[in-house]
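What follows is each chain in one-letter form.
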Amino acid sequence: MADKLGRIPDEKTDLLGYLRNAREAVLWKLDGLSDYDVRRPLTPTGTNLLGLVKHLAYVDAGYFGATFGRPFPETVLPEDEGAGFNADMYASADETREQIEDLYRRVGAHSDATIEALPLDAPGDVPWWGDAGKTTLHSVLVHMLAETARHAGHADILRESIDGVAGLRAANSNLPEADPAQWSSYRDRLEEIARTATASA
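Residues numbered from 1 in each chain as written. Predicted model: local features only at pLDDT ≥ 70, side-chain atom pairs only at ≥ 80, totals over all residues. Heavy atoms only, no water.

**Q** Lay out the overall build of the protein in plain terms, naming residues and giving numbers.
**A** Each helix and strand counted, the protein has 6 helices and 2 strands in total. If one aligns the C-alpha atoms of the protein with their principal axes, the spans along those axes are about 55 × 55 × 35 Å. In the protein, which comprises 201 residues, the share counted as buried stands at 38%. When contacts within the protein are restricted to residue pairs at least 6 apart in sequence, those whose partners lie at least 24 apart make up 70%. For the protein, the exposed surface amounts to about 12,100 Å²; the carbon and sulfur share of it is 55%. If you average the places of the 20 positive and of the 33 negative side-chain charges in the protein, the two averages end up 3 Å apart. (Helix = DSSP H or I, 4+ residues; strand = E, 2+ residues; numbered from the N terminus. Buried < 20%, exposed > 50% of the residue type's maximum accessible area, 1.4 Å probe, protein only. Contact = heavy atoms within 4.5 Å. Areas by Shrake-Rupley, 256 points an atom, 1.4 Å probe, with all protein chains shown as cover. Lys, Arg positive; Asp, Glu negative; His and termini not counted. Charge placed at Lys NZ, Arg CZ, Asp CG, Glu CD.)

**Q** Describe the pattern of salt bridges, listing the residues and the values that go with them.
**A** What the rule picks out here adds up to 14 salt bridges. Across the pair Glu-95 and Lys-54 runs a salt bridge whose closest N-O atoms are separated by 2.8 Å. In this pair, Glu-95 is assigned in the loop between helix H3 (49–64) and helix H4 (97–117) and Lys-54 in helix H3, connecting sequence segments 41 residues apart. Here Glu-95 and Lys-54 have matching classes, each one buried. A salt bridge links Asp-102 to Arg-106, with the nearest nitrogen and oxygen atoms 2.4 Å apart. Residue Asp-102 and its partner Arg-106 are both found in helix H4; the two are separated by 4 residues, about one turn of the helix. A relative accessible area of 38% means that Asp-102 is categorised as partly exposed. Each of Arg-20, Arg-23, Asp-60, Asp-112 and Glu-116 takes part in salt bridges that share partners, so that together they form one network. (Salt bridge = Lys/Arg side-chain N within 4 Å of Asp/Glu carboxyl O.)

**Q** Talk me through a nonpolar patch on the surface; I want residue IDs and the actual numbers.
**A** A cluster of nonpolar side chains, namely Leu-175, Trp-183, Tyr-186, Leu-190 and Ile-193, defines an oily patch on the protein surface of about 450 Å² accessible area. Within the secondary structure, Trp-183 is located in helix H6 (residues 180–200). (Patch = residues over 30% accessible without salt bridge, like charges linked within 9 Å, V, L, I, M, F, W, Y side chains within 5 Å.)

**Q** Explain unusual backbone geometry to me, using residue names and the numbers behind them.
**A** Phi is positive for Asn-86, close to 55°, though the residue is something other than glycine. Within the element layout of this structure, Asn-86 appears in the loop between H3 and H4. Its identity is not glycine, yet Asn-174 carries a phi of approximately 60°, on the positive side.

**Q** Which residues make up H6, and what values do they have?
**A** For H6, built from 21 residues, the straight-helix expectation of 30 Å at 1.5 Å per residue is met to within 8% by its first-to-last C-alpha distance of 30 Å. Of the residues flanking the start of H6, the one acting as N-cap is Asp-179, its side-chain oxygen 3.0 Å from the backbone nitrogen of Ala-181. (Expected span 1.5 Å × (residues − 1). Polar contact = N/O pair within 3.5 Å; in protein donor to acceptor, adjacent residues only side chain to side chain.)

**Q** Residues and numbers for the layout of surface pockets, please.
**A** Its boundaries defined by the atoms lining it, the second largest pocket holds a volume of some 240 Å³. Asp-156, Glu-160, Gly-164, Ala-166, Gly-167, Ser-173, Leu-175, Trp-183, Ser-184, Tyr-186, Arg-187 and Leu-190 are the residues that line the second largest pocket. For the lining of the second largest pocket, the secondary structure elements donating two or more residues are helix H5 (137–163) and H6. (1 Å grid on protein atoms, 1.4 Å probe; cavity = no way out; pocket = protein on both sides within 12 Å on 5 of 7 lines; lining within 4 Å. Points joined across faces, edges and corners; volume = space filled by probe spheres on them.)

**Q** I'd like a rundown of H4, residues and numbers included.
**A** For H4, which comprises 21 residues, the first-to-last C-alpha distance of 30 Å matches the rise-based estimate of 30 Å (1.5 Å per residue) to within 8%. Every buried residue of H4 is accounted for by Arg-97, Ile-100, Glu-101, Leu-103, Tyr-104, Val-107, Gly-108, His-110, Ser-111, Asp-112, Thr-114 and Ile-115. Those residues of H4 hidden inside the fold are in contact with helix H1 (11–28), helix H2 (35–39), H3 and H5.

**Q** I'd like to hear about the packing of aromatic side chains, residue by residue, with values.
**A** All chains considered together, the criterion is met by 3 aromatic pairs. A centroid spacing of 5.2 Å and a plane angle of 70° characterise the contact between Tyr-63 and Trp-128, whose relative ring orientation is edge-to-face. Highlighted residues: Tyr-63 in helix H3 and Trp-128 in the loop between strand S1 (123–125) and strand S2 (134–136), separated in sequence by 65 residues. Seen from their ring centres, Tyr-63 and Trp-129 are 5.8 Å apart, and the 50° between their planes marks the pair as tilted. A residue pair is termed long-range when its members are at least 10 positions apart, and Tyr-63 in helix H3 and Trp-129 in the loop between S1 and S2 qualify at 66 residues. Among the residues examined, Trp-129 registers a relative accessible area of 26% and is labelled partly exposed. Taken together, Tyr-63, Trp-128 and Trp-129 form an aromatic cluster joined through their ring pairs. (Phe/Tyr/Trp six-rings, centres within 6.5 Å; stacked < 30°, edge-to-face > 60°.)

Following this line, the structure appears as structure tokens:
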């Protein structure tokens, strides 16, 4: 189906474009924050901004690397017992934010090379999927787009809770234009609706 300009979109190009945008959105959420703020746990399960980036580097490397016989040439996460519980979801004290952000960009470049080199029906094997592990590049690409977009949403909410910065990306917030007073009034209105609806239920 043609777009508004009469162009026939290429499915792989579209999916890769959305994946790249989601990756950049995740990284943008760290811009301007202190080292403490990118690391501090902001949910009961410890979700933190830098940990989301580390996690996405880890899964991106796995899904677009060894799955298709093109392993990422670096160790993304130590496999030793001392790595700790949920070790892909936080940066250790000796890992810098620059190291993790740069790792994510290198992993992304490696993944993109795999995506560009193979057809969408290229076979892959995801051992941790069990019986469903025999798959294709198309399925993995859709999976990683969903995974990255999900965590970009987590990052958006975490960042807003730190300093109020919200939106899709620096060049396009994808939010209505409003000043802080309008947002405050809007939030108060939603609070009132929630209380009224709860009282009448």
